[in-house]
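# Chains, contacts and geometry: an overview
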Amino acid sequence: QVHVVESGGGLVQPGGSLTLTCKASGSVSGINPMAWHRQPPGNQRELVAGISPCGTTKYGDSVKGRFTISRDNPRDNKVLLRMNNLEPSDTAVYYCSIFYWGRSHWGQGTQVIVSA
């Protein structure tokens, strides 16, 4: 069984920064694709950022240049999402996932609220 846990969400003012952390554990090994998605209130879940086993990254259009996905040690199956210059439209529940054994395993999500 694969467990995915996100942390680091909270309330931040517009223009501020926040870093989310995601850790996958349990029956997982090797270096695996990981990603962040988000679901704003009343909207569908959308891709925020993804990182491949070799470190290639991709971003959703609305966060390019403001968000950065990274990991220090790929074998840890831990990723960070650094979010800068946050906007009210970034308010959402942020979900982390790891792709392992043919499917995505998701965490419970962490809430990010951007408001003055």
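Scroll up for the structure.
The present account deals with the structure reproduced in this document.

Within the protein chain one finds zero helices and 11 strands. Reading the helices (α) and strands (β) of the protein chain from amino to carboxyl end gives β-β-β-β-β-β-β-β-β-β-β. Dimensions of the protein chain along its principal axes, counting C-alpha atoms only, are 40 × 25 × 20 Å. For the protein chain, the residues scored as buried account for 41% of the 116 residues in total. Of the contacts formed within the protein chain by residues at least 6 apart in sequence, a portion of 55% connects residues at least 24 apart. Split by element, the accessible area of the protein chain, about 6,200 Å² in all, is 49% carbon and sulfur. In the protein chain, 11 positive and 7 negative side-chain charges are present, and the distance between their average locations comes to 6 Å.

On to the sheet that holds strand S1 (residues 2-7). Strands sit in the order S1-S3-S8-S7 across an open sheet of four strands; the sheet is antiparallel. Every interior strand has two partners, whereas the edge strands, S1 and strand S7 (67-70), have only one. In this sheet, neighbouring strand axes are inclined to one another by 15° on average, regardless of whether the strands run parallel or antiparallel. Direction of pairing for S1 relative to strand S3 (residues 18-26): antiparallel, over a ladder of six bridges. Paired with Ser7 across the strands is Thr21, a residue of S3.

This part takes up the pattern of salt bridges. Across all of its chains, the model carries five salt bridges by this definition. The partner of Glu87 in a salt bridge is Arg66, with the nearest N and O atoms 3.9 Å apart. You can see Glu87 sitting in the loop between strand S8 (78-83) and strand S9 (92-100) and its partner Arg66 sitting in the loop between strand S6 (57-59) and S7, a full 21 residues away along the chain. Look at Arg66 and you get buried, because its relative accessible area is 10%. The network of salt bridges with shared partners includes Arg38, Glu46, Arg66, Glu87 and Asp90.

Rules of the game
Each residue is numbered by its place in its chain's sequence as written, counting from 1. Only residues with pLDDT of at least 70 are given local features in this predicted model, and only at 80 or more are side-chain atom pairs given and counted; all residues enter the totals for whole chains, interfaces and linings. Each side-chain value is worked out from all heavy atoms of the structure, with water and hydrogens disregarded. The secondary structure listing takes helices from DSSP runs of H or I that are at least 4 residues long and strands from runs of E that are at least 2 residues long, numbered from the N terminus. Relative accessibility under 20% of the residue-type maximum defines a buried residue, over 50% an exposed one, and the middle range a partly exposed one, all with a 1.4 Å probe and only protein chains included. By the convention used here, residues are in contact when the closest approach between their heavy atoms is within 4.5 Å. What sets the accessible areas is the Shrake-Rupley method with a 1.4 Å probe; for residues, cover comes only from the shown protein chains. Positive charges are assigned to Lys and Arg, negative charges to Asp and Glu, while His and the chain termini are left out of the count. One atom stands in for each charge, and that atom is NZ of Lys, CZ of Arg, CG of Asp or CD of Glu. Two strands pair under a simple rule: DSSP has to find at least two bridges between them. Inter-axis angles, ranging from 0 to 180 degrees, are taken between N-to-C directions of lines fitted to C-alpha atoms, where helices are fitted over the stretch in contact. Each salt bridge in this description consists of a side-chain nitrogen of Lys or Arg and a carboxyl oxygen of Asp or Glu lying within 4 Å of one another.

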